[in-house]
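Given next are the chains, with one letter for each unit.
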Amino acid sequence: MKQVAVKGLMFDASVAPLVPHMDSVNNYREALLRLQDVWDQLTLLGQMSGIASDITATAVEFKSLTNTLLDSLARRLAEHTAHAMRAKAQVSIDILVRNLFERTADVGFLATDTEVCDYISALGTLDEDQRVRRRAQLEQRFAAYVAKYSVYDDVVVLSTQGEVLARLDGKVRAARCADALVQRALQPQQAYVERYGELDVLDGRKALVYASAIRADARSAPLGVLLLCFRFDDEMRGIFSHLVGRGDRSVAALLDEAGGVLASSDAWQVPVGARLELEPGAGMQRVWFAGREYLATHTPATPYQGYAGPAWRGCTLVPLQHAFRESGTQESSPADALPANALNASSLFDEQLRRIPEQAQRIQRGLARSVWNGEVRGLRSQSQGADNRFAAALLGQVSATGERIRSVFEQAIGDLQRSAAISVLQEARSRASLAIDIMDRNLYERANDCRWWALDGSLRAALEQPGEAGARKASAVLGHINGLYTVYSLLLLMDAQGRVVATSRSDAQDWIGRRLDADWVRPTLALPDHQAYARSAFQATPLYDGRHTYVYTAAVRGKGSQVLGGTAIVFDGAPQFEAMLRDTLPQASVEGAALGLFVTRSGEVVATTDARFPVGQRVPFADRLPQLARGESRDLLLELDGAVYAAGVSMSRGYREYDSSPAQHDADVSCVMLMRLYETAAAVQAPGSSGFRAGVDAQAAGERCEIASFVSGGQWLGVRAGQVQAAIDAPRITAMPGGPAYAAGVLVHEKETMVVVDLQVLRGQSAAAPRSGPLILCTSQAGMRLALWVEDLGSVFSVPAAALQGLPGYLAGIDPLAQAVFKAGEGNNGAMLTVIDVDKVAALVARQGLPLPDSAEVAGLSALSDTSLGAGLHEGSMLTAALP
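Residues numbered from 1 in each chain as written. Predicted model: local features only at pLDDT ≥ 70, side-chain atom pairs only at ≥ 80, totals over all residues. Heavy atoms only, no water.

Colleague: Can you help me understand the overall build of the protein chain in this one?
Modeller: Counting its regular elements, the protein chain contains 16 helices and 34 strands. Within the protein chain, the fraction of its 884 residues that count as buried is 54%. A sequence separation of at least 24 residues applies to 64% of the contacts in the protein chain between residues at least 6 apart. Within the structure as shown, the protein chain displays about 38,200 Å² of accessible surface, and the carbon and sulfur contribution to it stands at 50%. (Helix = DSSP H or I, 4+ residues; strand = E, 2+ residues; numbered from the N terminus. Buried < 20%, exposed > 50% of the residue type's maximum accessible area, 1.4 Å probe, protein only. Contact = heavy atoms within 4.5 Å. Areas by Shrake-Rupley, 256 points an atom, 1.4 Å probe, with all protein chains shown as cover.)

Structure (C-alpha cells):
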C-alpha cells in the first residue's frame with residue numbers, strides 16, 4: 001500500500017490529496033501532535049531522573065498509533081463520502097431505468113390497440129369529414145390513455161412513410177417524421193426503438209421517445225408506427241428532488257455515454273448540455289468543471305429483467321471544499337446509542353481498523369503501568385524518608401497527559417465507529433427508500449393497466465352482448481394481455497352482478513360463471529368514472545391460490561357511462577415483491593447479513609427475503625418500528641435474534657397521481673431494510689478502570705500503610721506497596737505440567753525464575769480466557785519472588801493504618817488470603833478493597849512444593865510448549881485451587 005507524507009504524517013496515497021480538506025482529521029492531527037510534543041518532553045525528563053523511565057516504548061507506540069489512526073480516519077471518511085455519492089448516483093439511474101422498462105412494454109401493447117389498427121386500415125375508405133371525425137375520436141382515446149399513464153406528453157401515429165396520421169399534442173405543427181427511427185421500428189423482429197434527442201416530428205424538441213410498428217397481430221404486415229413521448233425532464237426533476245434535499249451541496253446528474261449532461265439537479269453548477277471529463281469506472285475521482293474542483297462518481301444502471309436502458313449513467317458531484325464537512329457529522333444519530341467498542345468485532349472494520357482499539361488499549365495499559373510503578377517506587381522511597389515531590393509532580397504530568405491521550409484516542413476511535421455505523425444506517429435508509437419507491441412506481445403501473453384495459457372494445461362488447469363467442473374473444477384478449485404483462489397471475493372480466501365472464505388463463509376457466517364475493521366487487525361496480533380504480537386490501541384470495549396479494553379493478557362502461565361490469569387483475573405479488581426487495585439488498589452481503597421486508601403500518605408482512613417472517617404474519621418487532629408520515633424515511637438500531645441491525649424504514653408516498661395523498665391509512669406500506677452491524681455476544685467492552693480512589697486525608701498524622709491496588713475477578717484488591725517490585729506487561733509464560741490450577745506457569749524476569757499465580761483462580765473463581773492483564777512482581781517477607789496475574793491496575797495510595805479493618809471471622813474463612821479490608825470514602829462510592837497478604841500467597845506456593853526450573857530449563861520448556869500470553873494455561877488451570 002503506497003503512502004504519501006502530509007504535514008509530517010503518512011497517509012494512503014488514495015486519500016492523501018484529500019486530507020487538507022478533511023477538517024475532522026486535521027483537528028485530531030493537531031491535537032495528537034501537541035500531545036506528542038508533551039510526551040517527548042516527559043520521556044526525556046523520565047529518562048534523566050530515572051522516574052517513569054519505561055515510558056519510552058509507550059511513546060514509540062503512541063507515534064505509530066497516531067499515524068495509523070489518522071490514516072484510518074481519512075480513509076473511512078473518504079469511503080463514507082464515496083459510498084454516499086455512489087448510492088445517490090445508483091439510485092437515480094436505477095429508478096429511471098425501471099421506469100423506462102415499463103415504457104418498452106407500453107409502446108408494444110398500444111401499437112396493437114384495436115382502435116389504432118382499425119383507424120389506419122380504414123383511412124383509404126374514408127372521406128375528409130370521416131377522417132377528421134375518426135382522428136378526433138382516436139386522439140380522444142389517446143387523451144384517455146395519457147390521463148392514466150401520465151408519464152407521457154404525446155402519442156403520435158405515423159404512416160409507414162413517416163406521415164403524421166394522428167397525435168395527442170395538437171400544438172405541434174410537424175406533419176412528417178424523416179428520422180431513421182421510423183424505418184428501424186418497421187424492421188422485422190424489432191420490438192421497439194428507444195431514441196433520445198431532437199426530433200423533427202416534435203418540432204425539433206429534444207425528447208425521449210419509444211417507437212413500435214403498428215400491427216393487427218404478430219404475423220401481419222406493419223400498418224404504421226406508434227410513438228410514445230416520455231416526460232423525461234419532468235421525471236428527472238421528480239427523481240432529483242427526492243435524492244437532493246435542501247441544504248445538500250451535491251449535484252445529481254444524468255450523463256450520456258460521452259459524459260454529456262442530460263439532466264441536472266442544479267443547472268447553475270452543472271448545466272444541461274455541458275460535458276464532464278470523467279475517468280471510466282465508478283470510483284470517486286477529482287474533476288475540474290467551470291473553474292471549480294469537484295469529487296465525482298458515476299455508475300451505469302443495474303439491468304432490470306435484462307433491460308439496461310439507453311447506456312446512460314447516474315452521476316453525483318460534490319464541491320471538494322464541502323465534500324467532507326457534512327459526511328458523517330450529523331448532529332444526532334442512532335449510532336450514538338451504540339456501546340463503546342461494539343463494532344470492534346464487526347465485519348464493517350477491516351483488520352487494521354480492528355487493531356486500532358487494541359493498540360490504544362495497549363498504550364493505555366503501558367501508561368497506567370508506568371505511573372503505577374512510579375507511584376510504588378515513590379511511596380516506597382517516601383516511607384524511607386526520601387523527598388519525592390519531583391517524582392510525584394512528574395508522575396502527575398504523565399498521568400494527566402495519558403488521560404488526555406486516552407480521551408483523544410477514545411473520541412477518534414468513537415468517531416471511526418460512529419462513521420462506520422452511520423454509513424450503514426444511511427445505506428439501509430437509502431435502500432429502503434429505493435425499494436419503496438420501486439414498489440410505488442410498480443403499483444402505479446398496475447392502477448393504470450386495470451383502467452386502460454377496462455376501455456378495451458372487445459371486453460365491453462362481451463358485456464354488452466353476453467354470449468359464448470364474446471366471452472371467448474374476451475378471454476383471448478385477456479390471455480394476450482397476460483402474455484405481455486407477466487407480472488399478473490390472473491386477469492378477469494366480470495359482469496354487473498360480479499359473475500366471471502372471461503379469464504386470461506385456460507387453467508382458470510372453472511371461474512367462468514361463478515359469482516365473486518370478494519369485498520372489492522361492490523366498490524368496483526360503484527366507481528364514478530374511467531379514471532377511478534379500486535384496490536383490494538393485502539389479503540389472501542382464492543384467485544391467488546389462497547396466498548396474499550393485491551387485486552386492482554376498474555369498471556367497464558357502456559353507452560351513457562352505464563357500468564356493465566369490471567376488470568380485475570391479480571398481481572403476482574409473491575415473486576414480484578420479493579424481487580423488488582432482493583434487487584435492493586446489498587450485493588456483497590453474506591447470507592443473513594441483510595434482509596428486507598415490506599410491512600403495513602400494523603406490522604403485517606407484505607413481502608420478505610427472510611423465512612423467519614412469513615407473509616401475512618405480524619413481525620415481532622412491529623412495536624419498535626417508527627410511525628412515519630407518508631414519504632418519510634428514518635434509520636434506527638434494531639436488536640433481533642442476538643444481533644444488532646442498522647434498520648432503514650421508508651414509508652410509501654405514492655407516485656405521481658397514484659396513491660400520493662398525504663393522508664395516512666392503515667394499509668400504507670413501508671420498507672424495512674436490515675443490515676447486520678454485530679452480534680451482541682461479540683460486542684466487546686473496553687477493559688480498564690478509572691482507579692480506586694481512597695478518599696482519605698493524605699496528610700493525616702500517624703502510622704500509614706501504602707497500598708498498590710488492582711482488579712482481579714471483577715473485585716478491587718490490593719497488596720502492600722513495600723512488597724511490590726514492579727508491574728510488567730505479561731511476557732511469554734511457560735506452562736508447568738502437573739501443577740495446581742492457580743499456577744499459570746513460570747516466568748524468568750531479570751534472570752530470576754518465579755511462579756506466575758493466577759490470583760483469580762487462586763481465590764476460587766474461573767479464569768477468563770484469553771487473559772491479557774499485567775503481572776505484579778512481589779516479594780514475600782521471606783524473600784520469595786512470585787508474579788500475580790491480575791486483570792488491571794488501579795492506583796497506588798497511602799492510608800492511615802487505622803483505616804484498614806481486620807476481617808470478620810466468617811469472611812476470613814471464605815477468603816483466607818485476605819489480610820484486611822478498606823472502605824473507600826465518598827470519592828469512590830464507598831467501594832470496598834480487600835488487601836491480599838503476599839506472605840500467605842507465597843506460603844501456599846511454598847507448601848505446594850512447586851519445583852522451579854532454572855532459566856535454561858524454562859527456555860527449553862518454552863520451546864517445547866511454545867505457550868504465549870492468553871494461551872499458556874495448562875489443562876488443570878481451569879480447576880479451582882484448594883486453599884488450606
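Colleague: Got a minute to help me understand the nonpolar core in this structure?
Modeller: Side chains of nonpolar character tend, in soluble globular proteins, to be buried together. Ranked by internal contacts, the top residues of the largest apolar core, which has 111 residues, are Val157, Met439, Leu493, Phe577 and Phe598. Among the elements that take part in this core, helix H8 (residues 389-453) stands out by supplying 17 residues, more than any other. Apart from the residues lying within four places of it in its own chain, the contact partners of Leu493 are Leu459, Ala462, Leu463, Ala474, Leu478, Arg499, Val500, Val501, Ala502, Val556, Gly566 and Thr567. Formed by 44 residues, the second largest nonpolar core is a distinct cluster that contains Phe11, Ile55, Val318 and Leu416. (Core = buried A, V, L, I, M, F, W, Y, C linked by side-chain atoms within 4.5 Å.)

Colleague: Would you take a moment to explain the pairing of strand S20 (residues 594-600) for this structure?
Modeller: Strand residues, when the strand is regular, have side chains that alternate between the two faces of the sheet. Of all the seven residues making up S20, seven are buried; the element is thus mostly covered by neighbouring parts of the structure. Across the two faces of S20 the burial is the same, with Ala594, Gly596, Phe598 and Thr600 and Leu595, Leu597 and Val599 all buried. In the sheet, S20 pairs with strand S24 (residues 669-679) via seven bridges, with the strands oriented antiparallel. What sits directly across from Ala594, in S24, is Met675. Two strands pair when backbone bridges link them, and S20 and strand S21 (residues 605-608) are joined in this way by three bridges, in the antiparallel orientation. From the neighbouring strand, Leu597 faces S21, where its bridge partner is Thr608. (Pairing = 2+ DSSP bridges.)

Colleague: Teacher, can you tell me more about unusual backbone geometry here?
Modeller: Trans is the common state for peptide bonds, and a negative phi is the common state for residues other than glycine. Although it is not a glycine, Ala311 sits at a positive phi angle of roughly 60°. Here Ala311 lies in the loop between strand S11 (292-300) and strand S12 (313-319).

Colleague: I'm lost on helix H9 (residues 457-464) in this one. Help?
Modeller: Side chains of residues three or four places apart in an α-helix project in the same direction, reflecting 3.6 residues per turn. Restricting attention to buried positions, one finds in H9 the residues Ser458, Leu459, Ala462 and Leu463. Relative to the axis of H9, the buried residues are bounded by an arc of 135° and lie together on one face. Of the surrounding secondary structure, the elements contacted by the buried residues of H9 are H8, helix H10 (468-484), strand S13 (488-495), strand S14 (500-503), strand S18 (551-557) and strand S19 (563-571). Its side-chain oxygen at 2.8 Å from the backbone nitrogen of Ser458, Asp456 defines the N-terminal cap of H9. (Arc of directions from axis to C-beta. Polar contact = N/O pair within 3.5 Å; in protein donor to acceptor, adjacent residues only side chain to side chain.)

Colleague: Can you help me understand the sheet that holds S13 in this one?
Modeller: Remark on secondary structure: sheet strands pair via backbone hydrogen bonds, oriented parallel or antiparallel. With respect to topology, five strands assemble into an open sheet ordered S14-S13-S19-S18-S15, the strand pairing being antiparallel. Because the sheet does not close on itself, it has two edges, and the strands there are S14 and strand S15 (534-535). The sheet contact formed by S13 and S19 spans seven bridges and is antiparallel. In the sheet register, Leu493 faces S19, and the bridge partner there is Thr567. Relative to S19, H9 is tilted by about 130°, and along the sheet it contacts S13, S14, S18 and S19. (Axes fitted to C-alpha atoms, helices over the stretch in contact; angles between N-to-C directions.)

Colleague: What am I meant to see in the side chain of Asp815 here?
Modeller: In this fold, Asp815 is placed in the loop between helix H14 (809-814) and strand S33 (818-823). There is a polar contact of 2.5 Å between the side chain of Asp815 and the side chain of Arg763.

Colleague: Would you take a moment to explain the environment of Gly8 for this structure?
Modeller: If you trace the backbone, Gly8 turns up in the loop between strand S1 (3-6) and strand S2 (9-12). Residue Gly8 is classed as exposed on the basis of its relative accessible area, which comes to 72%. Gly8 sits 59 residues away from Asn67 along the chain, and the two C-alpha atoms are 9.5 Å apart.

Colleague: Help me out: how do you make sense of the sheet that holds S11 in this one?
Modeller: Read across the sheet, five strands follow the order S9-S8-S12-S11-S10 without closing on themselves; strand pairing throughout is antiparallel. Each of the sheet's edge strands pairs with one partner strand only, and the pair in question is strand S9 (261-264) and strand S10 (285-289). This sheet shows a mean twist of 35° between the axes of neighbouring strands, independent of strand direction. The sheet contact formed by S11 and S12 spans seven bridges and is antiparallel. Across the sheet, Ala296 pairs through a bridge with Leu317, a residue of S12. Here helix H2 (residues 56-110) sits on the sheet in contact with strand S8 (251-255), S11 and S12, set at roughly 45° to S11.

Colleague: Any chance you could explain H2 here in plain terms?
Modeller: With 55 residues, H2 should reach 81 Å at 1.5 Å per residue; the first-to-last C-alpha distance of 81 Å fits that figure. Counting buried positions along H2 yields 41 of 55 residues, so the element is predominantly enclosed. (Expected span 1.5 Å × (residues − 1).)

Colleague: Can you walk me through the packing of H2 against H8 in this structure?
Modeller: Angle between the axes and distance between the axes: these two values describe a pair of packed helices. Across the interface, H2 lies against H8 with an axial gap of 10 Å and an inter-helix angle of 0°. As far as their axial angle goes, H8 and H2 are roughly parallel. Split into classes, the residues belonging to the contact of H2 with H8 amount to 20 nonpolar, nine polar and eleven charged. (Parallel < 35°, antiparallel > 145°, perpendicular 65-115°, else oblique. Nonpolar A, V, L, I, M, F, W, Y, C, P; charged D, E, K, R; others polar.)

Colleague: When you look at the pattern of salt bridges in this model, what are you seeing that I'm missing?
Modeller: Two side chains with opposite charge may pair up if their charged atoms get near one another. Summed over the entire model, instances satisfying the criterion amount to 41 salt bridges. A salt bridge links Arg441 to Asp437, with the shortest nitrogen-to-oxygen separation between them at 3.3 Å. In this pair, Arg441 and Asp437 are both assigned in helix H8, four residues apart and thus about one turn of the helix distant. The partner of Asp610 in a salt bridge is Arg612, with the nearest N and O atoms 2.9 Å apart. Given the relative accessible area of 14%, Asp610 is considered buried. The partly exposed category is assigned to Arg612, whose relative accessible area is 38%. If you follow the salt bridges from partner to partner, you end up with Arg231, Asp234, Glu235, Arg237, Asp437, Arg441, Arg653 and Arg656 in one network. (Salt bridge = Lys/Arg side-chain N within 4 Å of Asp/Glu carboxyl O.)

Colleague: Sorry if this is basic, but what is going on with the side chain of Ser712 here?
Modeller: Here Ser712 lies in strand S25 (residues 704-712). Here Ser712 is in contact with Leu717, Leu759, Gln760, Gln765 and Glu791, once residues within four sequence places are set aside.

Colleague: Just checking my understanding: could you explain the packing of aromatic side chains for this structure?
Modeller: Here a ring pair, both rings aromatic, is described through the centre-centre distance and the interplanar angle of the planes. Scanning all chains against the criterion turns up 22 aromatic pairs. Here the aromatic rings of Phe62 and Phe409 are separated by 5.7 Å at their centres, their planes lie at 50°, and the arrangement is tilted. You can see Phe62 sitting in helix H2 and its partner Phe409 sitting in helix H8, a full 347 residues away along the chain. Note on accessibility: Phe62 and Phe409 belong to one class, buried. When the centroid spacing of 5.1 Å and the interplanar angle of 70° are considered together, the rings of Trp453 and Tyr485 count as edge-to-face. Taken together, the residues Trp453 in helix H8 and Tyr485 in the loop between H10 and S13 connect sequence positions 32 residues apart. Judged by its relative accessible area of 4%, Trp453 is buried. Judged by relative accessible area, Tyr485 falls into the buried class, the value being 5%. Among the aromatic side chains, those forming a connected cluster through ring pairs are Phe538, Tyr550, Phe571, Phe577 and Phe598. For Arg535, the ring lying beneath its charged end belongs to Tyr550, and the centroid distance is 4.4 Å. (Phe/Tyr/Trp six-rings, centres within 6.5 Å; stacked < 30°, edge-to-face > 60°. Lys NZ or Arg CZ within 6 Å of the ring centre and 35° of its normal.)

Colleague: Help me out: how do you make sense of the environment of Pro528 in this one?
Modeller: On the secondary structure map, Pro528 appears in the loop between helix H11 (521-525) and S15. Each C-alpha atom, one on Pro528 and one on Val563, is 9.2 Å from the other, the two residues being 35 residues apart in sequence.

Colleague: How should the packing of helix H3 (residues 114-122) against helix H4 (residues 128-148) be read in this particular structure?
Modeller: Here H3 crosses H4 at 160°, and the two axes come no closer than 11 Å. In terms of their interaxial angle, H3 and H4 are classed as roughly antiparallel. For the element pair H3 and H4, the recorded crossing hand is left-handed. Within the contact between the two elements, H3 uses Glu115, Val116, Asp118, Tyr119 and Ala122 and H4 uses Arg131, Arg134, Arg135, Leu138, Arg141 and Phe142. Along the lines of polarity and charge, the residues of the contact of H3 with H4 split into five nonpolar, no polar and six charged. (Left-handed = near helix turned anticlockwise from the far one by under 90°.)

Colleague: When you look at the confidence of the model for the protein chain in this model, what are you seeing that I'm missing?
Modeller: Detailed reading of the predicted coordinates is not advisable wherever pLDDT falls low. Across the protein chain, the average pLDDT comes to 86, with 89% of residues at 70 or higher. Segment residues 864-884 is flagged for pLDDT under 50; beyond a separation of four residues in sequence, or across chains, it makes 44 contacts in the model. (pLDDT = per-residue confidence, 0-100.)

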